[in-house]
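# Observations on the three-dimensional arrangement
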Amino acid sequence: MNIRKSMGMLLCLCSLSATAQEAWDIDRCMAYAVEHNRTVKQRKLEADNYRLDKIEAIGQFLPGVSGSVSAQYSYGRSVDPGTNTYISQSTFNNGYAMEGSMPIFQGGSLINQVRRARANELLGKAALQEAKDNTALETFQAYIDALYYYGTTRLAEQKLVESDSLVYKTRRQEALGLKGMADVAQMEAQQATDAYNLTHQRNLYETAMLTLKQTMNYPVADTLVLDTRLIDTPVIEQVRLSADNADDVFRIALNCNPTLRQSEMNKQVARMNRKISWGSLFPTISIFGGISSSYYKELHQSGYDNFADQMKNNFGSYFGISMSIPIFNRMSGSIGVKQAKNNYLIATQQYEAQKEALQKLVLQAVQDREGFLKESLQMEKKVTSDSIAYRVTRRKFEEGLMTSLDVQNNASTLLESQTGLLQSKLTYVMKCRLVDYYKGEEIIRNEERNATKETQIIAD
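The name an unreviewed UniProt entry gives the protein is TolC family protein, with Phocaeicola intestinalis as the organism. Quoted verbatim from the Subcellular location (unreviewed entry) field of the UniProt record, the comment on the protein reads "Cell outer membrane". Under Sequence similarities (unreviewed entry), UniProt gives the following word-for-word description of the protein: "Belongs to the outer membrane factor (OMF) (TC 1.B.17) family."

We now examine the confidence of the model for the protein. With 89% of its residues at a pLDDT of 70 or more, the protein shows a mean pLDDT of 85. Considering each helix and strand of the protein separately, the mean pLDDT is smallest for helix 1 (residues 2–19), with a value of 45, and largest for helix 2 (residues 26–36), with 95. Predicted confidence is poor over residues 1–19, with pLDDT under 50, and the contacts of this stretch with residues over four places away or in other chains come to 15 contacts.

Our next topic: the nonpolar core. Grouped together as the largest cluster of nonpolar side chains are 47 residues, with contacts concentrated most on Leu212, Met216, Leu224, Val362 and Tyr438. Ranked by residue count, the leading element in this core is helix 4 (residues 109–175), at nine residues. Once residues lying within four places of it in the same chain are set aside, the contact partners of Val362 are Ala246, Val249, Phe250, Ala253 and Tyr438. Counting residues in each nonpolar core, the second largest holds 15 residues, with Leu373, Met379, Val407 and Tyr428 among its members.

Our focus in this paragraph is helix 11 (residues 332–398). In this model, helix 11 (67 residues) spans 92 Å end to end at C-alpha, consistent with the 99 Å of a helix rising 1.5 Å per residue. Among the residues trailing helix 11, Gly400 stands out with phi positive, at a value near 85°.

We now examine the sheet that holds strand 1 (residues 64–74). In spatial order, the strands read 1-4-5-6; together these four strands make up an open sheet with antiparallel pairing. Either end of the sheet is taken by a strand with one partner, and the two such strands are strand 1 and strand 6 (316–324). Looking at each pair of strands side by side, their axes are set apart by 20° on average, direction ignored. Where strand 5 (residues 284–298) lies against strand 6, nine bridges are found, and the strand directions are antiparallel. Bridged to Ile285 within strand 6 is Met323.

Here the focus is a nonpolar patch on the surface. Taken together, Met323, Ile325, Ile327, Phe328, Met331 and Ile335 make up a surface patch of nonpolar side chains, about 720 Å² in accessible area. Position of Ile325 among the secondary structure elements: in the loop between strand 6 and helix 11.

Checked against the element boundaries, Asn120 lands in helix 4. Setting aside chain neighbours within four positions, we find Asn120 in contact with Tyr50 and Val269.

How each quantity is defined
- Residues numbered from 1 in each chain as written.
- Predicted model: local features only at pLDDT ≥ 70, side-chain atom pairs only at ≥ 80, totals over all residues.
- Heavy atoms only, no water.
- UniProt positions renumbered as here; feature names shortened; annotations may be inferred.
- pLDDT = per-residue confidence, 0-100.
- Helix = DSSP H or I, 4+ residues; strand = E, 2+ residues; numbered from the N terminus.
- Contact = heavy atoms within 4.5 Å.
- Core = buried A, V, L, I, M, F, W, Y, C linked by side-chain atoms within 4.5 Å.
- Buried < 20%, exposed > 50% of the residue type's maximum accessible area, 1.4 Å probe, protein only.
- Expected span 1.5 Å × (residues − 1).
- Pairing = 2+ DSSP bridges.
- Axes fitted to C-alpha atoms, helices over the stretch in contact; angles between N-to-C directions.
- Patch = residues over 30% accessible without salt bridge, like charges linked within 9 Å, V, L, I, M, F, W, Y side chains within 5 Å.
- Areas by Shrake-Rupley, 256 points an atom, 1.4 Å probe, with all protein chains shown as cover.
- Salt bridge = Lys/Arg side-chain N within 4 Å of Asp/Glu carboxyl O.

This is the structure:
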């Protein structure tokens, strides 16, 4: 008893530092996890790369311009650009040129490259959203687990308090001759079992909190205070009536689910790659033009025009059009077309498979939501009945009309019902949020995260 009281006092002292801290609800934890998740940060950079690829693809329609400058000293035999004859002199040559080219036709590959880049950009955005949603859902699950073990720990504490009270009363009754040593031993054994269960539940709770912090990328050494009001909220206050069935939810999810959106964009990219491969079989046409000039001088000689006059006199320009016709490229063109077609068919099959997987997930989520609601309502009734049964049995035991085994059985039944109610209630909340997510709603609700929160203490 003294050891347990000391532990309780220590827990109270440790919890004093937590009372002044604001409680973190589910939405705040999810928002923190998304903001600090490394996968989300990587997806943001990848999405930005896709955006830059699209700009680069659009830039292929613009003319490409390049300039060049050359300077050359020659010693010995060389060609005189003025007379176009060989001389044996030291000379200096300086040339300037600028050239531009622009594609006119490349078998439609340019416009298809832009379309592919746009599809990749949408794919990157969908991948980023998927990373955010997956991080939020993982945090949601970890938060629910932590709340569950917090609730089981609190139930174990209440059960131990009941056992302490029964042991005390049984010992007093044994001293008065109303109970036997067997009853005292039985109650002490139950007390030891409840003490062990409390320690076990506390360990599970600490593990769940560590998992939650790791999922959030939250500093492990820092205190994280959870909003525990959800545990004490009656199920009827959490019920969200909705006429949506699984088919309705699935039709909405087809247009907004980021995972399916990625598969759809992969299919679109494969289709554009297929069209680009067809373009390699067509001729390519481009126009080009340029200007150039030069300066020439034999070293140690005079009588040459100055730099400005030579640049003016040697100025030239050109313009042309070129066409490249593929005749035989060692069958790489036809093979590339066939491979692109196969990749498109593979992407189509993957998209259809993703649709089927999404339909199953939606159906399961809707069924779980309805099932856990029914379970929670029934478990509330069962907890009420088991609580009454336990109180009656305990009173009769104190009056000598029931045995200690009857009390233990009723207490275990009540604890099992309370634990089942806690699990079904928390699972129902999670399934409601999951169904809403499939319906296109944000997984993180800002209005709830910014609402005024009551400060909660982890340990009562």
